[in-house]
Amino acid sequence: MPKGYWIAHVDVRDPERYKDYVSTAKPAFERFGARFLARGGASQAMEGAGRARNVVIEFPSMQAALDCYNSPEYQTAKAIRVTVADGEITIVDGNDG
């Protein structure tokens, strides 16, 4: 079964409160088997405007990635995130076909 991935591009407006988002989201990520492949390291925007923080999270499947995002645990974290950061999250299927 192909893996699923979250690809997030974020500009954090309030770094202190963003920590609340991270800690609140952690149980959802653990529950759905998330593995962080990239999390806010150095980046170079090659096309488009780009964002300061870029994150790639691998899940065991596309369904696990979707279920994590839609879970009550993550939705609680999201309610914090949208007040302290701007960004986009795209969930993609790891199927290379």
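What comes next is a walk through the structure. (Residues numbered from 1 in each chain as written. Predicted model: local features only at pLDDT ≥ 70, side-chain atom pairs only at ≥ 80, totals over all residues. Heavy atoms only, no water.)

So, about the layout of surface pockets. Taking a probe equal in size to a water molecule and rolling it over the atoms shows the remaining empty space. Within this model, the largest pocket holds a volume of roughly 220 Å³. In terms of lining residues, the largest pocket is bounded by 17 residues, among which Y21, V22, F29, F36 and I57 are the most central. Elements with a minimum of two residues in the lining of the largest pocket: strand 1 (4–12), helix 1 (15–31), strand 2 (35–39) and strand 3 (53–59). A class-by-class count of the residues in the lining of the largest pocket yields twelve nonpolar, no polar and five charged. (1 Å grid on protein atoms, 1.4 Å probe; cavity = no way out; pocket = protein on both sides within 12 Å on 5 of 7 lines; lining within 4 Å. Points joined across faces, edges and corners; volume = space filled by probe spheres on them. Helix = DSSP H or I, 4+ residues; strand = E, 2+ residues; numbered from the N terminus. Nonpolar A, V, L, I, M, F, W, Y, C, P; charged D, E, K, R; others polar.)

Across the interface, helix 1 lies against helix 3 (residues 72–84) with an axial gap of 8 Å and an inter-helix angle of 155°. Between helix 1 and helix 3, the interaxial angle falls into the category roughly antiparallel. Here the hand of the crossing between helix 1 and helix 3 comes out left-handed. Packed against helix 1, whose contacting residues are R17, Y18, D20, Y21, T24, A25, A28, F29 and R31, the element helix 3 presents E73, Y74, T76, A77, K78, I80, R81, T83 and V84 at the interface. (Axes fitted to C-alpha atoms, helices over the stretch in contact; angles between N-to-C directions. Parallel < 35°, antiparallel > 145°, perpendicular 65-115°, else oblique. Left-handed = near helix turned anticlockwise from the far one by under 90°. Contact = heavy atoms within 4.5 Å.)

Moving on to the packing of aromatic side chains. In this structure the tally under the stated criterion is nine aromatic pairs. Note on W6 and Y69: the rings are 5.7 Å apart at their centroids and 65° apart in plane angle, and the pair reads as edge-to-face. Of this pair, W6 sits in strand 1 while Y69 sits in helix 2 (residues 62–70), and the two are 63 residues apart along the sequence. Accessibility expressed as a relative area gives 21% for Y69, which makes it partly exposed. Put simply, the rings of W6, Y18, Y21, F29, F36, F59, Y69 and Y74 touch in pairs and so form one group of aromatic residues. The side chain of R39 reaches across the aromatic face of F36, ending 3.8 Å from its centre. (Phe/Tyr/Trp six-rings, centres within 6.5 Å; stacked < 30°, edge-to-face > 60°. Buried < 20%, exposed > 50% of the residue type's maximum accessible area, 1.4 Å probe, protein only. Lys NZ or Arg CZ within 6 Å of the ring centre and 35° of its normal.)

With that settled, consider empty space enclosed by the protein. Overall, the coordinates contain one cavity of 30 Å³ or more when judged by the stated rule. Within this model, the largest cavity holds a volume of roughly 40 Å³. What lines the largest cavity is H9, V10, R81, A85, D86, G87, E88 and I89. For the lining of the largest cavity, the secondary-structure elements that each account for two or more residues are strand 1 and strand 4 (85–93).

Our next topic: the nonpolar core. Within the largest apolar cluster, 20 residues are counted, with the highest numbers of intra-cluster contacts made by W6, Y21, F29, F59, C68 and Y74. Of all the secondary structure elements, the ones that give two or more residues to this core are strand 1, helix 1, strand 3, helix 2 and helix 3. At five residues, the largest contribution of residues to this core is made by helix 1. Once residues within four sequence positions are removed from consideration, F29 is found in contact with W6, Y21, A34, F36, I57, F59, C68 and Y74. (Core = buried A, V, L, I, M, F, W, Y, C linked by side-chain atoms within 4.5 Å.)

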